[in-house]
Amino acid sequence: MLKDFTFHNPTKIYFGKKSLDKLKGELTNYGETVLLIYGKNAIKSMGLYDQVTAILKDAGKKVVELSGVMPNPTYAKLMEGVRLVKANKVSLILAVGGGSVIDCAKGIAVSAYCDEDPFEKYWLGYKSLANETVPVASILTMVGTGSEMNGGSVITHEEMKVKAGRVFPVAAYPRFSILNPEYTFSVPSYQMVSGVFDTMSHLMEQYFSGDDNNTTDYIIEGLMRSSIDNTRQALNNPEDYESRSNLMWNATLALNTVTGLSKAQDWQVHMIEHQLGAYTDCAHGMGLAAISLPYYRHIYAYGLDKFVRFATQVWGISPEGKAKEETAREGINAMEKFMNECSIVTSLKELGATKEMLPQIAESTVILKGGYKSLTPGEILGILEACF
Ligand code: NZQ
Ligand code: ZN
């Protein structure tokens, strides 16, 4: 059954090879000064930086830049952006990059005119967004997070050793996002499969909860199957437009709230990964992958019918003559096989964790109640040890 819901996503998406052509027209909706925010080298080596700055110049904009936004963006970097916004009266923040750059842009947008410490107020305190928010827009170059069409902003406070995610209301969603799959051709395969697993994990976090027969679950199954098929195709040929375009749109749909409608949601794997990331700075999707295998093996019996459905509908496992438990386990095994096929990392050691870190990660992980089983810190430690 679909429970009552409100769906409102205001982000305008320009998708395709010519989508950058829409930027100039969009810029007329905003004031004089644009904060252009990006990562380290990617957008310059792709030639995208030159194209975007030429369009900004042509539109008569004054441009201020914040470069060097790192994967797992830090609060210190966010505050650098806050100072630039205030000093230059910025009227649009244009993020060009992956989830880290877009998350940092949204973080700056909500923090610039916040009178208190923004991290304490919004990321730790989860207080309502009441202050003025600077408009954000994005040009996406790396697929996975869905940040281009949602209110999420995940920020790492290095001194506190906390990586905290906050989903902001629609005022912080990108006003528009430009998605050209060709921009992702240069993403190295390690980053690409990390992004794919992030998409898969967003889908599983929403799928493995509740037991309604719900249209949302059918949408999720389709997106998972598309992600699996198109990953294989893109790994064979990184410049294959068909697979890159499908992977890009899958990732956007996987976290633009459509796939969470009317569902309880889990998100425990993400909570564990965030603290793993705070300690190791690992690629987000790789951290999720490593944790997912022992996590789902630990909880599948509590949501058995859904794990059977996952095995049969997503991985094509036949349930004929098998106990439900066996079918469910075969589904998780099929996911592991796919991960190995794509060289997705499944060991925390390989992601930079040490044995000593594990209890600290387990103790500092936020525990949620939306999944099939609410964990204790001891169970989280067991999961971390199992994928060490
Ligand atoms: O720094 P540059 O040179 O730009 O290189 C980046 C970076 O090193 C590179 N890259 C990006 N586009 C490229 C490219 N390299 C070659 N060609 C291109 N076209 O990729 C590296 C990783 O980029 P990053 O933005 O960090 O990756 P991702 O998109 O996976 O973002 C991860 C961050 O998003 C958060 C994660 O926790 C993590 O901090 N998340 C945000 C969410 C949201 N807003 O809703 C939800 C997610 O669950 C996630 O937590
Ligand atoms: Zn994620």
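If you're wondering where the values come from, they're calculated on a predicted model, not measured in any experiment.

### So, the coordination of the zinc ion (ligand 2)
Each pair of donors in an ideal octahedron of six around a metal sits at 90 or 180 degrees, and each pair in an ideal tetrahedron of four sits at 109.5 degrees.
Logical step 1: Around the zinc ion (ligand 2), the donor atoms from the protein are D198 (OD), H202 (NE2), H270 (NE2) and H284 (NE2), and they sit 2.0 to 2.2 Å away.
Logical step 2: Mapping the donors of the zinc ion (ligand 2) onto the primary sequence yields the spacing D-x3-H-x67-H-x13-H. With a gap of 72 residues between them, D198 in helix α7 (residues 189–207) and H270 in helix α10 (residues 268–280) connect regions that are remote in the sequence.
Logical step 3: Owing to a relative accessible area of 4%, D198 belongs among the buried residues under this scheme.
Logical step 4: The class of H270 is buried, set by a relative accessible area of 5%.

### Things to note about the sheet that holds strand β5 (residues 136–140)
Logical step 1: In space, the six strands of this open sheet follow the order β1-β8-β5-β4-β2-β3, with parallel pairing throughout. In the strand order of this sheet, the two ends are held by β1 (12–15) and β3 (62–66), each with one partner. Strand-to-strand twist in this sheet, taken as the mean axis angle between neighbours without regard to direction, amounts to 20°.
Logical step 2: Here helix α3 (residues 48–58) sits on the sheet and contacts β2 (33–38), β3, β4 (92–97) and β5; the angle it forms with β2, its principal contact strand, is near 175°.
Logical step 3: Across the sheet, helix α5 (residues 99–111) lies against β2, β3, β4 and β5, angled at about 165° from β4, the strand it touches most.

### Focus: the domain arrangement of the chain
Logical step 1: As assigned here, the chain comprises domain 1 (12–183) and domain 2 (189–386).
Logical step 2: Taking the mean C-alpha position of each, domain 1 and domain 2 sit 27 Å from one another.
Logical step 3: Counting from both sides, the interface comprises 25 residues of domain 1 and, opposite them, 25 residues of domain 2.
Logical step 4: With both sides pooled, the region where domain 1 packs onto domain 2 buries about 2,000 Å², and carbon together with sulfur makes up 63% of that total.
Logical step 5: Summed over the three residues of domain 1 that lose the most area to domain 2, namely V143, K161 and K163, the buried surface amounts to 29% of that side.
Logical step 6: The interface formed by domain 1 and domain 2 holds one salt bridge in total.
Logical step 7: Of the charged contacts in the structure, one is a salt bridge between K163 and E273, with a shortest N-O distance of 3.5 Å.

### Some points on the site of ligand 1
Logical step 1: In the vicinity of ligand 1 lie 31 residues, with N41, G99, S100, D103 and H202 positioned nearest.
Logical step 2: One of the backbone nitrogen or oxygen atoms of K40 is found 2.8 Å away from an oxygen atom of ligand 1.
Logical step 3: N41 is positioned with one of its backbone polar atoms (N or O) 2.7 Å from an oxygen atom of ligand 1.
Logical step 4: With the chains in place, 89% of the 970 Å² that ligand 1 exposes on its own is no longer accessible.
Logical step 5: Those elements giving two or more residues to the shell around ligand 1 turn out to be α5, β6 (152–157), α7 and α10.
Logical step 6: For the shell around ligand 1, the residue count by class is ten nonpolar, 17 polar and four charged.
Logical step 7: In terms of domain composition, the shell around ligand 1 takes at least three residues from each of domain 1 (12–183) and domain 2 (189–386).

### Brief notes about unusual backbone geometry
Logical step 1: Residue N72 is not a glycine yet carries a positive backbone phi of 60°.
Logical step 2: Relative to the assigned elements, N72 resides in the loop between β3 and α4 (75–88).
Logical step 3: According to the relative accessible area criterion, N72 is buried, its value standing at 8%.
Logical step 4: Positive phi, normally seen in glycine, also occurs at K89, with a value near 50°.
Logical step 5: Along the polypeptide, K89 turns up in the loop between α4 and β4.

### Thoughts on the pairing of β6
Logical step 1: Along β6, five of the six residues are buried, which leaves the element largely enclosed by surrounding structure.
Logical step 2: Pairing of β6 with strand β7 (residues 162–167), which is carried by six bridges, proceeds in the antiparallel orientation. Note that in β7 the partner of H157 across the bridge is V162.
Logical step 3: Remark: four residues form the turn of the hairpin made by β6 and β7, two consecutive strands paired antiparallel; K161 in that turn has positive phi of roughly 55°.

Cut-offs and rules
- Residue indices follow the written sequence of each chain, beginning from 1 at its first position.
- Whichever chain is written first becomes A and whichever ligand is written first becomes 1, with later ones labelled in order.
- Where totals are concerned, whole chains, interfaces and linings use all residues; where local detail is concerned, this predicted model gives features only for residues with pLDDT of at least 70, and gives and counts side-chain atom pairs only at 80 or more.
- Water and hydrogen atoms were dropped before computing side-chain values, which therefore reflect all heavy atoms in the structure.
- For Na, K and Ca the donor cutoff is 3.2 Å, while for all other metals N, O and S atoms count as donors only within 2.8 Å; water does not appear among the atoms, so some sites may look incomplete.
- Working definition: helices are DSSP H or I runs of at least four residues, strands are E runs of at least two. Numbering for both runs from the N terminus.
- Exposure is judged per residue with a 1.4 Å probe applied to protein chains only, and the accessible area is read against the type maximum: over 50% gives exposed, under 20% gives buried, and values in between give partly exposed.
- If DSSP finds at least two bridges between two strands, the strands pair.
- Working convention: axes come from line fits to C-alpha atoms, limited for helices to the stretch in contact. Angles between N-to-C directions cover 0 to 180 degrees.
- Contacts between residues were defined by any pair of non-hydrogen atoms, one from each residue, lying within 4.5 Å.
- Segment limits for the domains were obtained from an automatic or database-derived domain assignment.
- Put simply, buried area is the surface a 1.4 Å probe can reach on two separate parts but cannot reach once they are joined, added for both.
- Only one rule defines a salt bridge in this text: a Lys or Arg side-chain nitrogen within 4 Å of an Asp or Glu carboxyl oxygen.
- Here a residue counts as near a molecule or strand whenever at least one of its heavy atoms sits within 4 Å of it.
- Polar contact is defined as a pair of N or O atoms within 3.5 Å, subject to the rule that within protein one atom must be able to donate a hydrogen and the other to accept it, and that residues adjacent in sequence are counted only when both atoms are side-chain atoms.
- A 1.4 Å probe and the Shrake-Rupley method give the accessible areas. Residues count as covered only by the protein chains that appear here.
- Residues were grouped as follows: Ala, Val, Leu, Ile, Met, Phe, Trp, Tyr, Cys and Pro as nonpolar; Asp, Glu, Lys and Arg as charged; and all remaining residues, including Gly, as polar.

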